[in-house]
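These are the residues of each chain, in order.
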Amino acid sequence: MADMTATSPGAAPQGLQTADGRPLKAALAASQARAKRRAFYLVAPLLAFVLLTFVLPIGQLLSRSVSDPRFIENVDRSSGEVTPIMVELRDWFKANPPGTEPDEAAYQALAQGLAQLAELRGQGDVGTRINYEAPGTRSLFTKTARRADDLEAPFKEAILDVDEDWADPVLWQAMRDASSRYTINFYLAALDMTRDVDGNIVNVPEDRQVYLLLFKRTAILSVLITVTTLVLGFPVAYLLATLPLRYSNLLMILVLLPFWTSLLVRTTSWMVLLQSQGVVNDLLVWAGIIGDDGRIQMIYNQMGTVIAMTHILLPFTVLPLYSVMRPIKPSYVRAARSLGATSWTAFRRVYLPQTVPGIGAGALLVFILAVGYYITPALVGGSSGQLISNLIAFHMQNSLNWSLAAALASLLLAGVLVLYWLYDRLVGIDNLKLG
Amino acid sequence: MDVTTPMVEFDRVQKSYDGESLVVKDLNLAMPKGEFLTMLGPSGSGKTTCLMMLAGFETATNGEIRLAGKEINHIPPHKRGIGMVFQNYALFPHMTVAENLSFPLEVRGMDRGTRETKIKRALDMVQMGKFASRRPAQLSGGQQQRIALARALVFEPDLVLMDEPLGALDKQLREHMQFEIKHLHESLGITVVYVTHDQSEALTMSDRVAVFNDGKIQQLAPPEDLYERPDNSFVAQFIGENNKLSGKIEALDGETATVRLHSGELIGATAVNIGGAGSETLVSIRPERVEFRHDRIQEGWHTLDAEVLEFIYMGDLFRTRLRVAGHDDFVMKCRNIQGQERLSPGQRVKIGWHPADARALDPV
Ligand SMILES: Nc1ncnc2c1ncn2[C@@H]1O[C@H](COP(=O)(O)OP(=O)(O)OP(=O)(O)O)[C@@H](O)[C@H]1O
Ligand SMILES: [Mg+2]
């Protein structure tokens, strides 16, 4: 290189130039611009699709997990009109530090807010919102708002007259938290934490902790499922990669079969097999291995979740493994053998290391799918086999606490990203081979 | 083991993969210690299969293979102590060059110090000392080849098998490596079984060459014999370029046969591998043994009329294609020496050769 630049006359000391004197870098960029534009047009539809279906929803999810403005603004269901609510009460919260005993002014502001709510028919939404953080308070809002017009000074007494529970400091703390647009309270809730009456972050009482336990269970079961799929999938992938094509195609069909049947059907068939009056138990009883009264509970618990999910996720380990094993020529193991290694040493030191990218890819894929899996644990998990995703679904569909669902989902996403990062550090993402 | 015990012995070995056809048919072969033997043959003739049986990756269907006098049919590959160079080198891609070489030493339980000296010696032997920490993927084909060679030699086996080790290299590098392998063979005194389907490689490197076809050894002989005294038409065709004229034996008198070519001419030839009078034969003549200049055609030579069809200038050689006795593919090679005449298509000449250079072989 060096002597090439030296012999080309008039070459600038820094950077190469083309024959007609343009900088080489610029010329290269210009000549590649067209190809780059073309490539961009080709991927543009996909890019738009990904943006619309992936980036935006995740953005929405993240923003929802830190914000539920139903205490701040009321949205009219039919017109979509947004009206600020609880303005006076929010001003009072701003003027007074956390932990301040609510005075007459505070109650007056509350009464004004409730009157406005009654007009807007928004007391239900606000009640639901506050109910998330101070359980059992929703009815206070509906009840009191109905009578808001009758409230007269002194407001404190009037309101407490309607219901004494209005004096509960927990409720006031909850309203204070809800009066700011952004909050980390949903994340706190997702981590089994809450704020005490003074606004300090504390753990919730042990008997009400659910999420951490579920996160932990999800992680443990996912690891277990990942390990079982690897253990079961490795020999299958090996067979697939080494059998003559005729047999390996047949085996491949068997491996892919789960993909061609509905998830629901597969899960239900596990129910048929595993329930206490099911096929497996019947067989065991028939064979005399267990007594009729000793039928094993294999489903509607964690075991059911692990068995069914291992089956469903097995192809996701087999396929990446297969794709790394296929090109490993038998001559590597033969070479190792000819160099004096026993077949076990040859496998361990020569074959196995070459399948690491497939093991990594399969494990990562299965683990990520498992931590977010929903249908199977819902159907066969019973109560002890539920995973975090089932709880997310619960908050989306039943309790309608979307922000908490979003916070749980974001934590899950963060966990997966951390895992991905760890994988990149340890194995290197370039080594990931999915097929 | 006494000196006369062959290093490698195939005794009536047969091999079938499918139980229906024999890939190796009745192989008999004995190699003395220190020999460089090449298995040469067309694709699918069973060379690799023989090597695999010797290395222990395939079992002989019938017969015995002996290593230094010991029957090895039931010894697993890792206990045979045979070095092997694979066609695609089979260097472990996840290990560096040094680790690749260290592997056979580690599985033999050698300590670190011994390993390091041996690795260094082996790498220096193939002039790759500077590349110890590279991965195989960072090496060129020729460099990988040397490493594969060093790995097969590092644990000092007595017998080394090489399956087309130079197949993937370009011509120049291949010739260079041929020389180096030959040199290593001589300096280390190892026994080598070498597989190739490149005949010039076989001729230049080997002490003896076994020409394989159809699962059988067609001829096992030193290169010179193979080229100049082929036993049958297959060997004559396979080794080097060869002209063949088909005809019938008219008379047979000891070593000399008189052959009536199908076009009617009568020629004499050395009888090698033919039936009696009246049987079909192929007379084989090497292109460089054919002459067309009157002054060089001597008394007692056979001559035939020929028409020039094509003249090809090849640098060191002139290759002339002729029509002779009804054959369109008769080739004559002349050295490009000072004053050599260049024939042009359409020209008619008289060609001739020494009777000993025409060999009457079996018809194929
Ligand atoms: N594992 C196997 N199973 C079945 N048949 C095989 C197997 N390996 C080789 N064969 C067959 O045996 C015959 C000889 O094969 P072999 O590999 O020994 O040939 P070769 O002489 O090494 O050829 P090449 O020069 O192409 O390497 C071929 O017809 C091949 O199809
Ligand atoms: Mg071969």
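Residues numbered from 1 in each chain as written. Chains lettered and ligands numbered in written order. Predicted model: local features only at pLDDT ≥ 70, side-chain atom pairs only at ≥ 80, totals over all residues. Heavy atoms only, no water.

## Some details on the sheet that holds strand S11 (residues 243-253) of chain B
Residues and elements named next belong to chain B.
- One closed barrel holds the five strands; their spatial order is S11-S12-S13-S19-S14, and the pairing between them is mixed. Averaged over all pairs of adjacent strands, the angle between strand axes in this sheet comes to 55°, irrespective of strand direction.
- Here five bridges tie strand S12 (residues 256-261) to strand S13 (residues 266-271), and the two strands are oriented antiparallel to one another. Counterpart to Thr256 in the pairing with S13 is Thr270. (Pairing = 2+ DSSP bridges. Helix = DSSP H or I, 4+ residues; strand = E, 2+ residues; numbered from the N terminus. Axes fitted to C-alpha atoms, helices over the stretch in contact; angles between N-to-C directions.)

## Focus on the site of ligand 1
All names here are of chain B.
- All residues adjacent to ligand 1 are Tyr17, Val23, Pro42, Ser43, Gly44, Ser45, Gly46, Lys47, Thr48, Thr49, Glu164 and His197.
- Between ligand 1 and Ser45 there is a distance of 3.2 Å, counted from an oxygen atom to a backbone nitrogen or oxygen.
- In this structure, Glu164 approaches ligand 1 through a side-chain N or O atom, which is 3.3 Å from an oxygen atom.
- Contact with the protein chains hides 58% of the accessible area of ligand 1, taken as 640 Å² for the molecule alone.
- Partitioned by chemical class, the residues of the shell around ligand 1 number three nonpolar, seven polar and two charged. (Near = heavy atom within 4 Å. Polar contact = N/O pair within 3.5 Å; in protein donor to acceptor, adjacent residues only side chain to side chain. Areas by Shrake-Rupley, 256 points an atom, 1.4 Å probe, with all protein chains shown as cover. Nonpolar A, V, L, I, M, F, W, Y, C, P; charged D, E, K, R; others polar.)

## Remarks on the domain arrangement of chain A
- Considered domain by domain, chain A is made up of domain 1 (21-63), domain 2 (69-208) and domain 3 (211-431).
- Computed from C-alpha atoms alone, the centre-to-centre distance between domain 1 of chain A and domain 3 of chain A is 35 Å. (Domains from an automatic or database assignment.)

## Remarks on the packing of aromatic side chains
- A full pass over the atoms with the stated rule returns 17 aromatic pairs over all chains.
- Seen from their ring centres, Tyr238 of chain A and Tyr351 of chain A are 5.3 Å apart, and the 80° between their planes marks the pair as edge-to-face. You can see Tyr238 of chain A sitting in helix H10 (residues 211-242) and its partner Tyr351 of chain A sitting in helix H16 (residues 343-371), a full 113 residues away along the chain.
- Aromatic rings pair up to connect Phe234, Tyr238, Trp344, Phe347 and Tyr351 of chain A into one cluster.
- Between the NZ or CZ atom of Lys15 of chain B and the centre of the ring of Tyr17 of chain B, over which it lies, the distance is 5.0 Å.
- Its guanidinium or amino end placed over the ring of Tyr227 of chain B, Arg286 of chain B lies 4.0 Å from that ring's centre, counting from NZ or CZ. (Phe/Tyr/Trp six-rings, centres within 6.5 Å; stacked < 30°, edge-to-face > 60°. Lys NZ or Arg CZ within 6 Å of the ring centre and 35° of its normal.)

## Things to note about helix H4 (residues 141-153) of chain B
- Here H4 of chain B spans 18 Å end to end across 13 residues, near enough to the 18 Å set by a 1.5 Å rise per residue.
- Most of H4 of chain B is tucked away, with 11 of its 13 residues classed as buried.
- Listed as buried for H4 of chain B are Gly142, Gln144, Gln145, Arg146, Ile147, Ala148, Leu149, Ala150, Arg151, Ala152 and Leu153 of chain B.
- Next to the buried residues of H4 of chain B lie helix H15 (330-338) of chain A together with strand S6 (82-85), helix H2 (97-106), helix H3 (112-125), strand S7 (159-163) and helix H5 (171-188) of chain B. (Expected span 1.5 Å × (residues − 1). Buried < 20%, exposed > 50% of the residue type's maximum accessible area, 1.4 Å probe, protein only. Contact = heavy atoms within 4.5 Å.)

## Quick word on the interface of chain B and chain A
- Chain B puts 23 residues into the contact, and the matching count from chain A is 17 residues.
- Approximately 1800 Å² of surface area, both sides summed, lies buried where chain B meets chain A, with 65% of it carried by carbon and sulfur atoms.
- Seen at the junction of chain B and chain A, the total is two salt bridges.
- Salt-bridge contacts for Arg334 of chain A lead to Glu58 of chain B; the nearest nitrogen and oxygen are separated by 3.7 Å.
- Linking chain B with chain A are five residue pairs in polar contact (both at pLDDT 80 or more).
- At three residues, the largest contribution of residues to the side of chain B that touches chain A is made by H2 of chain B.
- Considered class by class, the residues forming the side of chain B that touches chain A number 16 nonpolar, three polar and four charged. (Buried area = accessible area lost by both parts, 1.4 Å probe. Salt bridge = Lys/Arg side-chain N within 4 Å of Asp/Glu carboxyl O.)

## Let's talk about the confidence of the model for chain B
All names here are of chain B.
- Predicted confidence across chain B gives a mean pLDDT of 91, with 99% of residues reaching 70 or more.
- When pLDDT is averaged over each element of chain B, H2 comes out on top at 96 and S13 at the bottom at 88.
- Scoring the predicted complex yields pTM 0.77 and, for the interface, ipTM 0.80. (pLDDT = per-residue confidence, 0-100.)

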